[in-house]
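One-letter residues, chain by chain:
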Amino acid sequence: MSGILTIDREKLVTQAKQVQSGIATIAVVKNNAYNFGLELAVRAFLEAGITAFATTSLKEAEAIRKITEESMVFLLNPTYEFEFVKSLNLSMTLPSLDYYNKYYEELNGINVHIEYAGLFNRSGFESFSEVQEVLNHQMTLDEHERFNIEGAWCHFGYADEFDGVYETERQNWLDFIGHFKKLDIEPEYIHSQNTASFSRDGLLEGHTHTRLGIGLYGSKPYSGLNNDLFMQPFDLHSTVVQIRDMDEDMPMGYGGSFVADRKTKVAVVDIGYGDGVLRKRAEFDCLINGRRYPIVTLMMSHMLVEVDEDVSINDKVYIYHPEMRLDEYTFKGVGANSEQLATLNYNTLTKEIIHDS
Ligand SMILES: Cc1ncc(COP(=O)(O)O)c(C=O)c1O
């Protein structure tokens, strides 16, 4: 049996509850819910009290709407499928003045969230004066031709860094939303905070919701946070399929990728980069019978691990485990939390859901 990804549904619900700390949350479920599985995650988050979801994809938005009729389903990307948005009662970003000028006629009746570009600057209005132009233009339209300003939002690109830039992007955004207050416009959703920002600041002034991703899925956005607040609800493991006794200078693998520098043992494990294990991850260790052993080579469907006499055929070999957390390897430079998750290959891994009610 090759790699097995085990997701503990009960833990996922518990983690989603605890990370919100009682604050209304929009759950980011893009990319198949960070690869946990969209339906599994949406149902778990509903159980954890969440009634608002965000994704970049129309297909995912439709799937979410099928699961929950009442929730707010927010499209983070600009879309041009206006009738589709209306038919499913989706909410969508209003990404720029230029977009508004081109499409305002199609936007009638749609719930929009005005996006501020800020320092992240992937999309969004650059200043409130641009928003003011939109507001002025809306007032020239008949009521049935207008959209509904349901929200205002931006995305922080520096919240997991500690070099002072985050403070600037946060202040720019707070100044931006201050204008809505001055105009007595009170959108139902004001949201900017990802897991890092919420962990640093709690809910920012003037906000109605957080907009969390990785924290819901149990990984820490930056190091130094308490593990107990981020309970990892999954593990990834495979098994030892062979053990080779190696003499000193004996090579193994393609081109002799591993050469023993002493008499040792190597376990051949039935998982590889074809299953989504990152090459950088394989520069570190794995967990067998509660002990850490170095991975010495990664191939498409196998991994070589230097072991000792305590390891036997069929032993479980963990790449990720609550005692070998994914975020540990994020902070060791393997790649972002989401990158390590998104790369897991569901076509080759077996997925097991445990504690599924
Ligand atoms: C627009 C937007 N909001 C929120 C999030 C959630 O961020 P995090 O997973 O760091 O909580 C993301 C994640 O990439 C995002 O792209």
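None of these values were measured; they are calculated from a predicted model.

**Here's the deal with the packing of aromatic side chains**
Counted by the stated rule, this structure contains 22 aromatic pairs. Taking the centre distance of 5.7 Å and the plane angle of 55° together, the rings of Tyr80 and Tyr99 count as tilted. Within this pair, whereas Tyr80 is found in the loop between strand E4 (72-75) and helix H5 (82-87), its partner Tyr99 is found in helix H6 (residues 97-103), the two being separated by 19 residues in sequence. With relative accessibility at 5%, the residue Tyr99 sits in the buried group. On the numbers, 5.4 Å between centres and 70° between planes, the contact of Phe128 with Phe176 is edge-to-face. Here Phe128, found in helix H7 (residues 128-139), pairs with Phe176, found in helix H8 (residues 165-182); they are 48 residues apart in sequence, far enough to count as distant. Phe176 shares its class with Phe128; the two are buried. Taken together, Tyr34, Phe36, Phe45, Tyr217, Phe234 and Tyr320 form an aromatic cluster joined through their ring pairs. Looking at Arg200, its charged tip hangs above the ring of Phe162, at a distance of 4.0 Å from the centre.

**What to know about the site of the ligand**
Looking at the ligand, there are 13 residues lining it, with Lys30, Tyr34, Thr195, Gly213 and Ile214 nearest. In the environment of the ligand, an oxygen atom lies 2.9 Å from a nitrogen or oxygen atom belonging to the backbone of Gly213. Protein chains bury 86% of the 390 Å² of accessible surface belonging to the ligand in isolation. Only helix H2 (30-34) and strand E9 (210-212) provide two or more residues apiece to the shell around the ligand. Of the residues in the shell around the ligand, the class split is 6 nonpolar, 4 polar and 3 charged.

**A look at the pattern of salt bridges**
Under the criterion given, the structure shown has 18 salt bridges. Notably, a salt bridge pairs Arg43 with Glu39, separated by 2.9 Å at the nearest N-O pair. Of this pair, Arg43 and Glu39 both sit in helix H3 (residues 38-47), 4 residues apart, which is roughly one turn of that helix. The class of Glu39 is partly exposed, set by a relative accessible area of 46%. The partner of Glu83 in a salt bridge is Lys86, and the shortest N-O contact between them spans 3.7 Å.

**Some points on H7**
The first and last C-alpha atoms of H7 sit 17 Å apart over 12 residues, in line with the 16 Å expected at 1.5 Å per residue. Within H7, the full set of buried residues consists of Phe128, Glu130, Val131, Val134, Leu135 and Gln138. The buried residues of H7 occupy an angular sector of 155° when the element is viewed end-on, so they sit on one face. Where H7 is buried, its residues touch strand E5 (91-94), H6, strand E6 (111-115), strand E7 (148-153) and H8.

**Here we look at the UniProt feature "binding site: substrate" (unreviewed entry) in the protein chain**
UniProt records the feature "binding site: substrate" (unreviewed entry) for Arg122 and Met300 in the present numbering. These annotated residues cover 179 residues of sequence, and their C-alpha atoms reach 34.7 Å apart at the extremes, leaving them scattered rather than at a single site. Mapping Arg122 onto the fold places it in the loop between E6 and H7. Assessed through its relative accessible area of 57%, Arg122 is described here as exposed. By the secondary structure assignment, Met300 is in the loop between strand E15 (291-298) and strand E16 (303-307). Its relative accessible area of 51% is what places Met300 among the exposed residues.

**Quick word on the environment of Val307**
Within the element layout of this structure, Val307 appears in strand E16. The class of Val307 is buried, set by a relative accessible area of 8%. Placed 15 residues apart in sequence, Val307 and Arg292 show a C-alpha to C-alpha distance of 9.2 Å. Other than its neighbours up to four places away in sequence, Val307 contacts Thr264, Lys265, Val266, Ala267, Ile288 and Tyr293.

**Considerations on the pairing of E15**
When strand E14 (residues 285-288) meets E15, the two strands line up antiparallel, connected through 4 bridges. The residue of E15 that forms the bridge with Cys286 is Tyr293. The hairpin turn running from E14 into E15, its antiparallel successor, is 2 residues long, and Asn289 in that turn takes a positive phi close to 50°. Looking at chain direction, E15 and E16 are connected through 3 bridges and run antiparallel. Considered in E16, the bridge of Leu298 is made with Met303. Once E15 ends, the chain turns through 4 residues before running back antiparallel as E16.

Conventions and cut-offs
Residues numbered from 1 in each chain as written. Predicted model: local features only at pLDDT ≥ 70, side-chain atom pairs only at ≥ 80, totals over all residues. Heavy atoms only, no water. Phe/Tyr/Trp six-rings, centres within 6.5 Å; stacked < 30°, edge-to-face > 60°. Helix = DSSP H or I, 4+ residues; strand = E, 2+ residues; numbered from the N terminus. Buried < 20%, exposed > 50% of the residue type's maximum accessible area, 1.4 Å probe, protein only. Lys NZ or Arg CZ within 6 Å of the ring centre and 35° of its normal. Near = heavy atom within 4 Å. Polar contact = N/O pair within 3.5 Å; in protein donor to acceptor, adjacent residues only side chain to side chain. Areas by Shrake-Rupley, 256 points an atom, 1.4 Å probe, with all protein chains shown as cover. Nonpolar A, V, L, I, M, F, W, Y, C, P; charged D, E, K, R; others polar. Salt bridge = Lys/Arg side-chain N within 4 Å of Asp/Glu carboxyl O. Expected span 1.5 Å × (residues − 1). Arc of directions from axis to C-beta. Contact = heavy atoms within 4.5 Å. UniProt positions renumbered as here; feature names shortened; annotations may be inferred. Pairing = 2+ DSSP bridges.

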